[in-house]
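# A closer look at the structure
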Amino acid sequence: MHTGVKITAFAAALAATFGTAYGVGQGIDPVVADREPASHDTHAESSPEPEGGGGHAKHESAPEAQSLPAGGLQISENGYTLDLKTARVEARQRADLRFTIQDEKGRAVTSYKREHEKELHLIVASRDLVTYRHLHPTRAADGTWSIPVELPRAGGYRVFADFTPAKKGAENLTLGADLAASGPYEPKGLPAASTTAKVDGYEVKLAGGLRPGAAGELELNVSRDGKPVTDLQPYLGAYGHLVALRSGDLAYLHVHPNGEPGDGKTEPGPGISFTATAPSPGAYRLFLDFKHQGVVRTAAFTVQAGETSGGDGGHSEAGEETAEETSDGHGH
């Protein structure tokens, strides 16, 4: 994964309109259910790069911002295609999510560069950005990837494959495909904007903000029972991993944290900082994975690109969020 936001062609795919029930389940291989938003393992990928500065971010750079498409909006890019074998599952039922990455000749790719200790990172998110999964599937010798998954609610989902082919000169890619979960459908709105998230007794506070078309810094501070957590554990080569998804088309941003364990200057908490650039103004959902006492947890936030939060002269806290379905489903 690159420390900057990858540029891909913009091809937004909007979710289908649902009736009282979403789709009809088809026969699929068994899949494993994702758990509650606390004990899971996630991997770190690129995230947005906000500024840790003061007040509102300026919008003079709007033309530049709109010329910076994010990733995950295409199923094919640079000669590679995400072939999702499991396009439909049944809500609350385990099934094997299976897919391949195909090259320009239609052959399944079997050689990848390892990044953040994995050959490929898989993100599954509901269109309303309430449910989030960060998974690590297993690859068979023929290039078929699979992971047991259980989605908690019916509706539309987006699957993101984040990887770098081992082929010389190949760049990191994030490809996306739609996934449907059948069953009674109850739409939910985007969670309210928040700068505080709670998960499993931990509290994570967000400072900084996403800026459209300009790099900025986000800092997240982890505490437990009112005390700063200063012994975060490395997870996939970092103390924290952040993914941002844009509300509406689910454009994907993934960024590395600033610094890494063992570099002589990065502390194991309580603060974790990231640098990112939002491709456009709008609402984004941030998902932070962090590891403590052997367990990976996910804290989720809703932010508006162009607004700065925290105690630095920017917006005041909009609210507090308790993890529900966002951090439940880290796969191994």
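Everything that follows concerns the structure shown earlier in this document.
None of the values given here were measured: they were computed from a predicted structure.

The next subject is the pattern of salt bridges. Close approach of charged atoms lets side chains of opposite charge pair. Here the structure, examined in full by the defined rule, presents 12 salt bridges. With a shortest N-O distance of 4.0 Å, K113 and E115 are connected by a salt bridge. Since its relative accessible area comes to 47%, K113 is described here as partly exposed. A salt bridge links R246 to D249, with the nearest nitrogen and oxygen atoms 2.7 Å apart. No difference in accessibility class separates R246 from D249, as the two residues are buried.

Across soluble globular proteins, nonpolar side chains show a tendency to be buried alongside one another. Counting 31 residues, the largest nonpolar core has V204, L210, V222, L286, L288, F290 and F301 as its most contacted members. Sorting the residues of this core by element identifies β12 (196-199), β13 (202-208), β14 (216-224), β16 (241-246), β17 (252-255), β18 (271-276), β19 (282-292) and β20 (295-305) as the ones contributing at least two each. One finds L122, V159, F163 and A177 within the second-largest nonpolar core, a separate group that totals 29 residues.

The next point concerns the packing of aromatic side chains. Evaluated as defined, the whole model comprises seven aromatic pairs. Note on Y112 and F163: the rings are 5.9 Å apart at their centroids and 80 degrees apart in plane angle, and the pair reads as edge-to-face. In this pair, Y112 sits in the loop between β5 (95-102) and β6 (120-126) while F163 sits in strand β10 (residues 155-163), placing the two residues 51 residues apart along the sequence. By the burial criterion, Y112 is buried, and F163 matches it.

Quick notes on the rules
- The numbers attached to residues start from 1 for each chain and follow its sequence in the written order.
- Per-residue local features of the predicted model are confined to residues with pLDDT of at least 70, and side-chain atom pairs are confined, for both listing and counting, to 80 or more; whole-chain, interface and lining totals are unaffected and use all residues.
- To get the side-chain values, all heavy atoms of the structure are used, and hydrogens and water are removed first.
- Each reported salt bridge corresponds to a side-chain nitrogen of Lys or Arg within 4 Å of a carboxyl oxygen of Asp or Glu.
- Buried, partly exposed and exposed residues are distinguished by accessible area as a fraction of the type maximum, computed with a 1.4 Å probe on protein chains only: under 20%, between the cut-offs, and over 50%, respectively.
- For our purposes a nonpolar core is just a set of buried Ala, Val, Leu, Ile, Met, Phe, Trp, Tyr and Cys residues, chained together by side-chain atoms within 4.5 Å.
- Helical segments are the DSSP runs of H or I of at least four residues, strand segments are the runs of E of at least two, and each set is numbered from the N terminus.
- In this analysis, rings of Phe, Tyr and Trp, with Trp reduced to its six-membered ring, are considered paired at centre separations within 6.5 Å, and the interplanar angle assigns stacked below 30 degrees, edge-to-face beyond 60, and tilted for intermediate values.

Just geometry here; none of it tells us what the structure is for.
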